[in-house]
Amino acid sequence: MSSLGFRYNGNAFDRHFLPRLTTQEIKTMPKEDVLIVLPVGAIEQHGPHMPVYTDTLLGEALLAEAFKYLPEDAPIWLLPSINYGKSTEHAESPGTFTLSAQTLMMVLQDISASVASSGFKKLLLFNTHGGNADLLGMMAREIRIATGLAVYRLDPGSVHYSDSFTDDEEKASGIHAGDVETSLVMAVCPEWVHPELALREMPRFPQSTSFSFRSKSFAWVMKDISLSGIAGDATKASPERGEAMLNKAGPLLAEALLEIATFDMESLKE
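Residues numbered from 1 in each chain as written. Predicted model: local features only at pLDDT ≥ 70, side-chain atom pairs only at ≥ 80, totals over all residues. Heavy atoms only, no water.

## Quick word on the sheet that holds strand β2 (residues 76-78)
- The parallel open sheet is built from four strands, whose spatial order is β2-β1-β3-β4. The open sheet has two free edges, formed respectively by β2 and β4 (150-154), since each of these has just one partner strand. Across the sheet, the axes of successive neighbouring strands diverge by a mean angle of 25°, strand direction being ignored.
- The pairing of strand β1 (residues 35-40) with β2 spans three bridges and is parallel. Bridge pairing links leucine 35 to isoleucine 76 in β2.
- Against the sheet, helix α5 (residues 133-147) makes contact with β1, β3 (122-127) and β4, and its axis sits at roughly 170° relative to β4, the strand it touches most.
- Sheet strands in contact with helix α9 (residues 239-262) are β1, β2, β3 and β4, and its direction is about 150° off that of β3. (Pairing = 2+ DSSP bridges. Helix = DSSP H or I, 4+ residues; strand = E, 2+ residues; numbered from the N terminus. Axes fitted to C-alpha atoms, helices over the stretch in contact; angles between N-to-C directions. Contact = heavy atoms within 4.5 Å.)

## Focus: the packing of helix α3 (residues 54-67) against helix α7 (residues 179-188)
- Look at α3 against α7: their axes get within 10 Å of each other, and the N-to-C directions meet at 65°. The way α3 lies across α7 gives a crossing that is left-handed. Contact with α3, carried on its side by Thr54, Asp55, Leu57, Leu58 and Ala61, involves Glu181, Leu184, Val185 and Val188 of α7 and no other residues of that element.
- A breakdown of the residues in the contact of α3 with α7 according to their chemical character gives six nonpolar, one polar and two charged. (Left-handed = near helix turned anticlockwise from the far one by under 90°. Nonpolar A, V, L, I, M, F, W, Y, C, P; charged D, E, K, R; others polar.)

## Some points on the packing of aromatic side chains
- According to the stated counting rule, one finds four aromatic pairs in the structure shown.
- Between tyrosine 53 and tryptophan 192, the ring centres sit 6.4 Å apart and the planes meet at 70°, which makes this aromatic pair edge-to-face. Of this pair, tyrosine 53 sits in the loop between β1 and α3 while tryptophan 192 sits in the loop between α7 and β5 (200-201), and the two are 139 residues apart along the sequence.
- Under the relative-accessibility criterion, tyrosine 53 is labelled buried at 17%. (Phe/Tyr/Trp six-rings, centres within 6.5 Å; stacked < 30°, edge-to-face > 60°. Buried < 20%, exposed > 50% of the residue type's maximum accessible area, 1.4 Å probe, protein only.)

## Structural notes on the pairing of β1
- Of all six residues that make up β1, six are buried, and the element is covered over most of its length.
- Across the two faces of β1 the burial is the same, with Leu35, Val37 and Pro39 and Ile36, Leu38 and Val40 all buried.
- In the classification by handedness, the crossover that spans β1, the intervening α3 and the parallel β2 is right-handed.
- Two strands pair when backbone bridges link them, and β1 and β3 are joined in this way by six bridges, in the parallel orientation. (Right-handed = clockwise from strand over helix to strand, strands pointing away.)

## Side note on the packing of α7 against α9
- Between α7 and α9, the shortest axis-to-axis distance is 7 Å and the interhelical angle comes to 90°. Put simply, α7 runs roughly perpendicular to α9. For the pair α7 and α9, the contacting residues are Asp179, Val180, Ser183, Leu184, Met186, Ala187 and Val188 in the first and Pro239, Arg241, Gly242, Glu243, Met245 and Leu246 in the second.
- When grouped by side-chain class, the residues that make up the contact of α7 with α9 number eight nonpolar, two polar and three charged. (Parallel < 35°, antiparallel > 145°, perpendicular 65-115°, else oblique.)

## A look at the side chain of lysine 31
- Checked against the element boundaries, lysine 31 lands in the loop between α2 (23-28) and β1.
- Buried within the structure, lysine 31 lacks any salt-bridge partner; glutamate 32 is the closest side chain of opposite charge, at an N-O distance of 9.6 Å.
- In this structure the side chain of lysine 31 is engaged in a polar contact, spanning 2.8 Å, whose partner is the backbone oxygen of lysine 27.
- Leaving out residues up to four positions away in the same chain, lysine 31 has contacts with Ile26, Ser118, Gly119, Phe120 and Lys121. (Lys, Arg positive; Asp, Glu negative; His and termini not counted. Salt bridge = Lys/Arg side-chain N within 4 Å of Asp/Glu carboxyl O. Polar contact = N/O pair within 3.5 Å; in protein donor to acceptor, adjacent residues only side chain to side chain.)

Written out as structure tokens, the structure reads:
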């Protein structure tokens, strides 16, 4: 996979991209069991070697890979990405185009209202930017209350597709523009990466033994933890390992999508 060859091609876009349908097709399609997937990314600095489009690009690539493994008749439909996220922690860096929390909340609210008014029942927020995570977790419940939709969250990292390709140090501190993201972008769009500018910078997050005092236990912006805009070791990255990560992520994410699509909220009650 290279040069954005996955965009508007392949199973995700040929057969499961909702905007390819007409209004009549959407009106008449059975909707009771359909899962609508809304990717939410970001446009923000990713060090001196990576494109600012990294988070959105990788969301598209991971979903394109996952959709390869879905059954032809899987009731899972993809919406275009929200390209902009809440990237205020990177706002001081040129090329970061961020929404405020309030703006992203309203965008999510409006899109979800449209999902519901089109007759769909299930919405998945597919997030590829860490700075969106808390807001999306809160908004998932707000959307549920406001629209009645069954709302789900999935961050690709939660399926641990990269664990076997990274060491313990990268797992602990490689949270931005490091080995994993750089390898993936090298595999997806190598001409957008400048490997000669890749750096290693590992934030010294506390490793407390008495309580969980780690990267998510205090409020930080990027300049608090990194001089280069990198948190991780980008010098280890390779397109081969990026391709291997994508190959592992595809079936794992497809399995997660199918599990979410078939989940019935009513099953939670006796």
